[in-house]
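Residues per chain, in single letters:
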Amino acid sequence: MSKPPHPWWKSATVYQIYPASFLDANGDGTGDLAGIIAKLDYLKDLGVDVIWLSPIYRSPLADMGYDISDYEDIDSRYGTLEDWDRLLQGAHARGMKLIKNDPKRDWYIWRPGKVVDGEELPPNNWKSVFQGSAWERDSASGEYYLHLYLPKQPDLNWDNPVVRSAVWDVMQFWVRRGCDGFRMDVINCISKTDGLPDAPLVDHAQYYQPASMYFANGPQVHKYIKQMHAEVLSHHDLITVGETPFTHEASELAAYVLPQNRELNMVFHFELMDIDSPSESPLLRKPWTLGELKAIIGRWQRFMRDDGFWNAVFLENHDHARSVSRFGNDSAQWRAASAKMLAILQITQTGTLYVYQGQELGIKNFPRTWGIEEYNDWNASPHGGFTTGTPWMRVNDDYREWNAEQQISDETSVHAFWKRALKVRKMHDVLIYGDFVMLLETHEQVFAYTRNYGSTSALVLLNFKEGKVDVDLGEVVGGVTGYTFVLGNYENEAIGLEEKVTLRDYEGRVYVREALLN
């Protein structure tokens, strides 16, 4: 009996675009939809299946577009609804799909303040994700509204059925315009604990306290997402991914994804992204170890596979540092090699693959004194080819040597490697759907694993550090005979495989073996 076909979104490569910093086509200094349209052939050639746009709705831009004033229009900085239609048509004509960030805040949660020792205080002691109180006082009414993020982003009151109905209408509006799916911002925060109780005191230095235990994964969250699925999602062939911060508990995350629950295709969870952040603040740093990284990836690669749990595989996005600076080595000597090694890590995992703009070029972090975002470096012209005008922020200083135009013409570049790696992933279903068996689990320098799917096996070897390392593959089930080299970040010619191998600095290799004949 043949296996049923997999949904298209499982093997897809999704490319995230932060529109303001992608490409400016009209010279006003801000990236726009016309700039994205101009690079559709670039994305198609890279191997992209789905383009995901960060918010482009009309917005005062207090939080770079995540503060939305009109869910059914395009902010004039980026273009018009007609530009959206042209972008969609261009993507579809090239066999790519287009997804957007979902709408999220409009009708609000209001509460009166409280008086303590003669002083008026907010309704509770919840701390905003962006520090300070999560409540803002309205001088006209004297009451407070809840904003887990910025004051210009008041939280929706999803308990109000009128609000939910309005959200479904907005989603249908974009589906009718051809949108192929939604990335749902902080979707696990749409239901709060009844009564909005004070958070426990964990930081004695301040009054306001972290309160995610009361605003994330609340009592009605699954009821509301199931309703979204019934009213909107189930009627269309869409890709859906939910952002689920403040949540590492596997069972809580599974509830959003397992097919029988009829909610979402997958979620972005942040256990790996939190590996180098202390629990008290994502803005602080702490050392991470390869053992921790291996444990996190291994756990999620194996998690509830037989029940249909599906991963979203990513190493960076608009909220997190560049992966080559964080998990690799962005020095001049090892930047390209380690960026390619990390590409191998991503393309050999089960899950829908997400690539953030510039990741395919090995773009690195810029100095901590700069702002949050950077634009793509397209060529060596002023401002990296991003704009002919005055850019809204500074381009990375290395743009003359490290840009898309230079890499496209270089077969040894990070871009060329990503293009090749995505082709290898699509050629071998074992890399997408195979099981996951960790090798050398306690090794402090090498991440190695096998994948098995039907009659095919894959072997992945990754050296995460500078310096050569000898590896004994004696624990590979069935031995190493019959494996064929399919991808490596040092050279394209086949590298033979024996039970004992030596990996070079930041070297990555992928081998595939079809069933051995008896």
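Since this is a predicted model, take the numbers as computed values, not measurements.

Analysis parameters
Residues numbered from 1 in each chain as written. Predicted model: local features only at pLDDT ≥ 70, side-chain atom pairs only at ≥ 80, totals over all residues. Heavy atoms only, no water. Axes fitted to C-alpha atoms, helices over the stretch in contact; angles between N-to-C directions. Helix = DSSP H or I, 4+ residues; strand = E, 2+ residues; numbered from the N terminus. Parallel < 35°, antiparallel > 145°, perpendicular 65-115°, else oblique. Left-handed = near helix turned anticlockwise from the far one by under 90°. Contact = heavy atoms within 4.5 Å. Nonpolar A, V, L, I, M, F, W, Y, C, P; charged D, E, K, R; others polar. Buried < 20%, exposed > 50% of the residue type's maximum accessible area, 1.4 Å probe, protein only. Phe/Tyr/Trp six-rings, centres within 6.5 Å; stacked < 30°, edge-to-face > 60°. Lys NZ or Arg CZ within 6 Å of the ring centre and 35° of its normal. Polar contact = N/O pair within 3.5 Å; in protein donor to acceptor, adjacent residues only side chain to side chain.

## With respect to the packing of helix 4 (residues 161-176) against helix 6 (residues 221-231)
Contact geometry of helix 4 with helix 6 gives a least axis separation of 11 Å together with a crossing angle of 40°. Classified by the angle their axes make, helix 4 and helix 6 are oblique. Regarding helix 4 and helix 6, the two cross each other, and that crossing is right-handed. Contacts between helix 4 and helix 6 involve R164, W168, M171 and Q172 on the former and, on the latter, Y224, Q227, M228 and E231. The class makeup of the residues in the contact of helix 4 with helix 6 is 4 nonpolar, 2 polar and 2 charged.

## Quick look at unusual backbone geometry
In this structure, D117 is a non-glycine residue whose phi angle is positive, near 55°. Mapped onto the elements of the fold, D117 is located in the loop between strand 7 (114-116) and strand 8 (119-121). Given a relative accessible area of 81%, D117 falls into the exposed group. Phi at Q131 is positive, roughly 80°, even though this residue is not glycine. With respect to the element layout, Q131 can be found in the loop between strand 8 and strand 9 (135-137).

## Quick look at the packing of aromatic side chains
One pass over the full model with this rule turns up 27 aromatic pairs. Taking the centre distance of 6.4 Å and the plane angle of 75° together, the rings of Y15 and F22 count as edge-to-face. Using a relative accessible area of 0% as the deciding quantity, one classes F22 as buried. Each residue in the set W52, F268, F270, F314 and Y354 is aromatic and connected to the rest through ring pairs, giving one cluster. Its end group placed over the ring of W174, K100 keeps NZ or CZ at 4.1 Å from the ring centre.

## What about the side chain of K192?
Within the secondary structure, K192 sits in the loop between strand 11 (181-184) and helix 5 (212-215). Owing to a relative accessible area of 8%, K192 belongs among the buried residues under this scheme. Of the polar contacts made by the side chain of K192, one reaches the backbone oxygen of C189; its length is 2.7 Å. Ignoring any residue separated from it by four or fewer positions in sequence, one finds K192 in contact with I109, W126, L146, L148, D155, L156, Y214, F215 and P219.

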